[in-house]
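# Architecture at a glance
Spelled out from the first residue to the last, the chains are:
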2 protein chains.
Amino acid sequence: MTLNEAAAFLNARNDFLILTHKRPDGDTVGSGAALCRLLRGLGKEAWLHPNEDLSPKYAFLSQGLLAPASFYPQTVAAVDVATEELLPASAQPYAGAIDLCIDHHGSNTGFARQTVVDPSRSAVGELIWELGEELHFSPTLAFCQGIYTAIATDTGCFRYPNTTPRCHTIAAACMENGLDCGPINKVFFETKTRARFQVEQYLFSHLQFSAGGKLAAALFPQEAIEEMGATADDLDNLASLPRQIEGVSCSITLTQLGAELFKASVRSDEQVDASALCAQFGGGGHARAAGCTLRGEGADCLQRLAAAAQEALGYV
Amino acid sequence: MTLNEAAAFLNARNDFLILTHKRPDGDTVGSGAALCRLLRGLGKEAWLHPNEDLSPKYAFLSQGLLAPASFYPQTVAAVDVATEELLPASAQPYAGAIDLCIDHHGSNTGFARQTVVDPSRSAVGELIWELGEELHFSPTLAFCQGIYTAIATDTGCFRYPNTTPRCHTIAAACMENGLDCGPINKVFFETKTRARFQVEQYLFSHLQFSAGGKLAAALFPQEAIEEMGATADDLDNLASLPRQIEGVSCSITLTQLGAELFKASVRSDEQVDASALCAQFGGGGHARAAGCTLRGEGADCLQRLAAAAQEALGYV
């Protein structure tokens, strides 16, 4: 479905419930909230499905938007959700009954009845902004808040290589509409919890370098995570940090989720296709940022991943 | 002088030498290089004065632009230079003979014969971009490189509160002109030398928290600095890092310069006046960022500073 068709689809429907993905980030929450504001601006009833994983720092976006238990949707939409497995547990009942998915993951499985997917977009927020344009919506401050959060968080505040001119022009437009980006930037890019601080400390002191310094990998056992009192949020996007060290092309973090169960995050530059690497372990994602789940003993899982990465880097 | 008048002034002159400030940053080098490219694009002869303080990471900007010793300028311009004292030693001979200064510091002393100063601009790069527009210059890739570097570095990659919509629209225009911002962002915002990485590690593992977690302080003895092979660049702006930790209002780093000689850097939020704090030790600066020099034994110097900061925070 094109954006234009999606706009017509939204215009023709009512009573929307908007789903975000589990372990929600700025793009899914920001885009979901912005879509909700947009639909309300068109005179529709629209709510965000309360995502049980939502971290408090995103609460400002969903204020007044969380669906009451009594709400029965006519139209169910999902934003930034590549597969139904990525829905939070509380939204699983909607699996198989999602009318529209708006996404930017090339790996989107097409699980929804209608899908708008554009992998050239840095953030789903861009697509929601353009839906607003299609629907002649005059951007409100709350709408801009959602859009800016979506784009800024998915581009590392315009720092990552996925940043496009469009990201900048939309950010400029949000500011022209009166948005003060300062508080948003402070929350997302300049604030660390004490636990996050400890987690980063742990990461850097446990990094294992290999492949001539091109690969940096670290393991977070459950015990260490609990000792630091780290939440999922505190563990978020850790894999991107070692990539900042001069010479590092690929970084891997392995976080223990349960007994012999680990979640891997891979970040890479053009020397490694992170998505292809994770696909070897049944995962996926983007070329520069991908993930997968591994079963087994921690050090062994890390070793398997590292060996695959070393091979990708030409160190066999 | 208005930008329009500056454009006419530049058009009427030739044989330009462009000066940057000492301890050069991305704005002075990026703006200077962009102005040089612009003037050459207009068919003028223009060179950058070789700045002896230039760090290698800026070299890509000034490639092919450094004035040969034989060059005798008709017109001397300075960019991002607020006072003549801020010229590097090698440019001091031009003091009193500077024809045009383009700056964004409200504190500009008006030392040049003609001055364009606009404190509402995040970076001088914005002014150079607009000079290009005034002069109907078609932005080249090298020009865009300078402009983007100037704006991105002075706004912390669009993260600081000084970021304006104009910063984003100029960045978008640079990208539309073919600029790949990825390598620039990587150098300035995503690359840490191994020594810098070690310095940050050292900082975070030696932080002493007090005043209910509001004060974070660390000492860098000369021995540790030498062991890490850290340059002045690697030690730059360290004090701002602990301020990102939730709850920290004031942070202090104390770096050993010599026997019983220490340089203190203080960063604070609105709870502490860093400038007043440093004034107690004969130093000064801004309300949120200041410094001073202390003599004595390291631990003792840190203790004296910390006690003063604790008092400022209401913990006596």
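Bear in mind that the values here come from a model prediction, so they are computed numbers and not experimental data.

### A closer look at the packing of aromatic side chains
Across all of its chains, the model carries 19 aromatic pairs over all chains by this definition. Each ring, one from Phe158(A) and one from Phe158(B), has its centre 6.0 Å from the other, and the planes form 75°; the classification is edge-to-face. Residue Phe158(A) is found in the loop between helix H5 (141-154) and helix H6 (165-176), and its partner Phe158(B) is found in the loop between helix H5 (141-154) and helix H6 (165-176); the two belong to separate chains. The two residues Phe158(A) and Phe158(B) agree in class, both being buried.

### Some thoughts on the interface of chain B and chain A
Taken together, the contact between chain B and chain A spans 33 residues of the former and 32 residues of the latter. Contact between chain B and chain A buries roughly 3200 Å² in total, counting both sides, with carbon and sulfur atoms accounting for 59%. Where chain B touches chain A, the interface holds two salt bridges. Put simply, Arg159(A) and Glu190(B) hold a salt bridge, and the shortest N to O gap is 2.9 Å.

### Re the side chain of Thr20(B)
Residues and elements named next belong to chain B. Among the structural elements, Thr20 can be located in the loop between strand S1 (16-19) and helix H2 (26-41). Thr20 sits in the buried class, given a relative accessible area of 6%. Residues contacting Thr20, with those up to four places away along its chain left out, are Thr28, Val29, Asn51, Val79, Val81, Leu87 and Pro88.

### A short note on the side chain of Ser249(A)
Residues and elements named next belong to chain A. Note on placement: Ser249 falls in the loop between helix H9 (222-228) and strand S8 (250-258). Residue Ser249 is classed as buried on the basis of its relative accessible area of 2%. Of note is the side chain of Ser249, whose polar atom sits 2.8 Å from the side chain of Gln271. Sequence-distant contacts of Ser249, that is, excluding residues within four places in its chain, are made with Lys214, Arg243, Arg267, Ser268, Asp269, Gln271 and Leu313.

### Here we look at helix H11 (residues 298-312) of chain A
Residue and element names in this part refer to chain A. Taking 1.5 Å as the rise per residue, H11 with 15 residues should run 21 Å; its terminal C-alpha atoms sit 21 Å apart, in good agreement. Turning to H11, its buried residues number three or more, namely Gly298, Cys301, Leu302, Leu305, Ala306, Ala308, Ala309 and Gln310. Contact partners of the buried residues in H11: strand S6 (208-210), strand S7 (215-220), S8, strand S9 (261-268), helix H10 (274-279) and strand S11 (289-295). Phi turns positive one or two residues past the end of H11, at Gly314, with a value near 85°.

### Structural notes on the confidence of the model for chain A
Regions with low pLDDT should not have their predicted coordinates read in detail. In the predicted model, chain A carries a mean pLDDT of 95, and the fraction of residues at 70 or more is 100%. Scored by ipTM, the complex comes to 0.85, with pTM at 0.86.

### Considerations on the relation of the copies chain B and chain A
Once chain B has been moved 0.8 Å along the axis and rotated by 180°, it coincides with chain A to within an RMSD of 2.8 Å. Both copies are brought into coincidence by an operation consistent with a two-fold rotation axis. Closest to the rotation axis within chain B is the C-alpha of His168(B), separated from it by 2.4 Å. Of the residues that chain B buries at the interface, 97% are likewise interface residues in chain A, meaning the two copies contact each other through the same surface.

Conventions and cut-offs
Residues numbered from 1 in each chain as written. Chains lettered and ligands numbered in written order. Predicted model: local features only at pLDDT ≥ 70, side-chain atom pairs only at ≥ 80, totals over all residues. Heavy atoms only, no water. Phe/Tyr/Trp six-rings, centres within 6.5 Å; stacked < 30°, edge-to-face > 60°. Helix = DSSP H or I, 4+ residues; strand = E, 2+ residues; numbered from the N terminus. Buried < 20%, exposed > 50% of the residue type's maximum accessible area, 1.4 Å probe, protein only. Contact = heavy atoms within 4.5 Å. Buried area = accessible area lost by both parts, 1.4 Å probe. Salt bridge = Lys/Arg side-chain N within 4 Å of Asp/Glu carboxyl O. Polar contact = N/O pair within 3.5 Å; in protein donor to acceptor, adjacent residues only side chain to side chain. Expected span 1.5 Å × (residues − 1). pLDDT = per-residue confidence, 0-100. Least-squares fit on C-alpha atoms with pLDDT ≥ 70 in both.

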